[in-house]
Amino acid sequence: MELRLRYAPEVGNAGRFAADIVASAAQVSGVELDYSVASLAVVDGIIEEFRGSGIVSGQIGETLFGFGCYVGEVMVRQGGAAWRGVGGEEAAAFGFPLVVDLPSGQVGNPIGKVFRRLENGPEDSLPYFYAVFAEPWRPV
């Protein structure tokens with residue numbers, strides 16, 4: 001799928017994509033996304049609404065990319081992760097040019113996870129994704 005993104009999909013723009021989706025969610029859905037772990041359930045619900053309406057990723061790829069950056073930003077701000085760009089074979093494996101490195105040494109793919117959430121439904125829960133990848137390593 002070819003995405004027509006507002007900014008280049010690089011590390012320095014991940015926060016911009018997230019901020020744009022925060023503004024859009026407030027305007028379109030009337031929800032406040034505050035980069036908290038609890039807000040991931042709100043994003044999960046929005047994606048489920050898309051799914052329930054029969055929307056597929058090809059119709060809203062740019063929106064899903066933005067929500068993926070938002071999930072990644074929650075992991076950065078709350079879970080100690082850091083954005084990292086990927087290329088070549090690694091980009092092909094992840095499907096997207098941005099991932100997050102976690103303090104545990106694991107690599108998370110929040111953008112890919114949001115796309116899978118739309119495709120697969122609740123089995124790809126965003127709060128669960130955070131809990132598995134970031135929560136055990138969350139700074140106290």
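Please refer to the structure placed before this passage.
Quick summary incoming for the structure in this document. What you see is a predicted model; the values in this text were computed from it and never measured. (Residues numbered from 1 in each chain as written. Predicted model: local features only at pLDDT ≥ 70, side-chain atom pairs only at ≥ 80, totals over all residues. Heavy atoms only, no water.)

### Some remarks on the overall build of the chain
Item 1. Helix and strand counts for the chain come out as 6 helices and 3 strands.
Item 2. Counting from the amino terminus, the chain carries its helices and strands in the arrangement α-α-α-β-α-β-β-α-α.
Item 3. For the chain, whose C-alpha radius of gyration is 14 Å, the value lies close to the compact-globule estimate of 14 Å for 140 residues.
Item 4. Reported as C-alpha extents along the three principal axes, the dimensions of the chain are approximately 35 × 35 × 25 Å.
Item 5. Here the chain, with 140 residues, has 43% of them falling under the buried criterion.
Item 6. Considering only intrachain contacts with a sequence separation of at least 6, the fraction spanning at least 24 residues in the chain is 60%.
Item 7. Counting every atom, the chain has about 6900 Å² of accessible surface; 51% of that belongs to carbon and sulfur. (Helix = DSSP H or I, 4+ residues; strand = E, 2+ residues; numbered from the N terminus. Rg over C-alpha atoms; globule rule 2.2 N^0.38 Å. Buried < 20%, exposed > 50% of the residue type's maximum accessible area, 1.4 Å probe, protein only. Contact = heavy atoms within 4.5 Å. Areas by Shrake-Rupley, 256 points an atom, 1.4 Å probe, with all protein chains shown as cover.)

### With respect to the packing of aromatic side chains
Item 1. The final tally for this structure, using the stated rule, is 6 aromatic pairs.
Item 2. Each ring, one from Tyr35 and one from Tyr70, has its centre 5.0 Å from the other, and the planes form 35°; the classification is tilted. With Tyr35 in the loop between helix H1 (14-29) and helix H2 (39-52) and Tyr70 in helix H3 (residues 61-79), this residue pair connects regions lying 35 residues apart in the sequence.
Item 3. On the basis of an interplanar angle of 35° and a centroid distance of 4.9 Å, the ring pair of Phe96 and Phe115 is categorised as tilted. Residue Phe96 is found in the loop between helix H4 (88-94) and strand S2 (98-101), and its partner Phe115 is found in helix H5 (residues 110-120); the two are separated by 19 residues along the sequence.
Item 4. Residue Phe115 is classed as buried on the basis of its relative accessible area, which comes to 5%.
Item 5. Aromatic rings pair up to connect Tyr7, Phe17, Phe65, Phe96 and Phe115 into one cluster.
Item 6. The ring centre of Tyr35 lies 3.6 Å from the NZ or CZ of Arg77, which sits over that ring. (Phe/Tyr/Trp six-rings, centres within 6.5 Å; stacked < 30°, edge-to-face > 60°. Lys NZ or Arg CZ within 6 Å of the ring centre and 35° of its normal.)

### Describing the pairing of S2
Item 1. Where strand S1 (residues 82-85) meets S2, 4 bridges bridge the pair, whose relative direction is antiparallel. Paired with Ala82 across the strands is Asp101, a residue of S2.
Item 2. Inspection of the sheet shows S2 paired to strand S3 (residues 107-108) by 2 bridges, in the antiparallel sense. Across the sheet, Asp101 pairs through a bridge with Val107, a residue of S3. (Pairing = 2+ DSSP bridges.)

### Let's talk about the layout of surface pockets
Item 1. Looking at the largest pocket, its volume works out to about 340 Å³.
Item 2. A per-class count over the lining of the largest pocket returns 10 nonpolar, 5 polar and 5 charged. (1 Å grid on protein atoms, 1.4 Å probe; cavity = no way out; pocket = protein on both sides within 12 Å on 5 of 7 lines; lining within 4 Å. Points joined across faces, edges and corners; volume = space filled by probe spheres on them. Nonpolar A, V, L, I, M, F, W, Y, C, P; charged D, E, K, R; others polar.)

### A word on the sheet that holds S1
Item 1. What the 3 strands build is an open sheet, ordered S1-S2-S3; its pairing is antiparallel. Pairing within the sheet leaves two strands with one partner each, and these edge strands are S1 and S3.
Item 2. H3 contacts S1 and S2 of the sheet and is inclined by roughly 130° relative to S1. (Axes fitted to C-alpha atoms, helices over the stretch in contact; angles between N-to-C directions.)

### As for the nonpolar core
Item 1. Ranked by internal contacts, the top residues of the largest apolar core, which has 38 residues, are Ile47, Phe67, Cys69, Tyr70, Met75 and Ile111.
Item 2. Of all the secondary structure elements, the ones that give two or more residues to this core are H1, H2, H3, S2, H5 and helix H6 (126-133).
Item 3. Per element, the largest residue contribution to this core is 8 residues, and it comes from H3.
Item 4. Residues within four places of Met75 in sequence aside, it is in contact with Gly80, Ala81, Val100, Leu102, Pro110, Phe129, Tyr130, Phe133 and Ala134. (Core = buried A, V, L, I, M, F, W, Y, C linked by side-chain atoms within 4.5 Å.)

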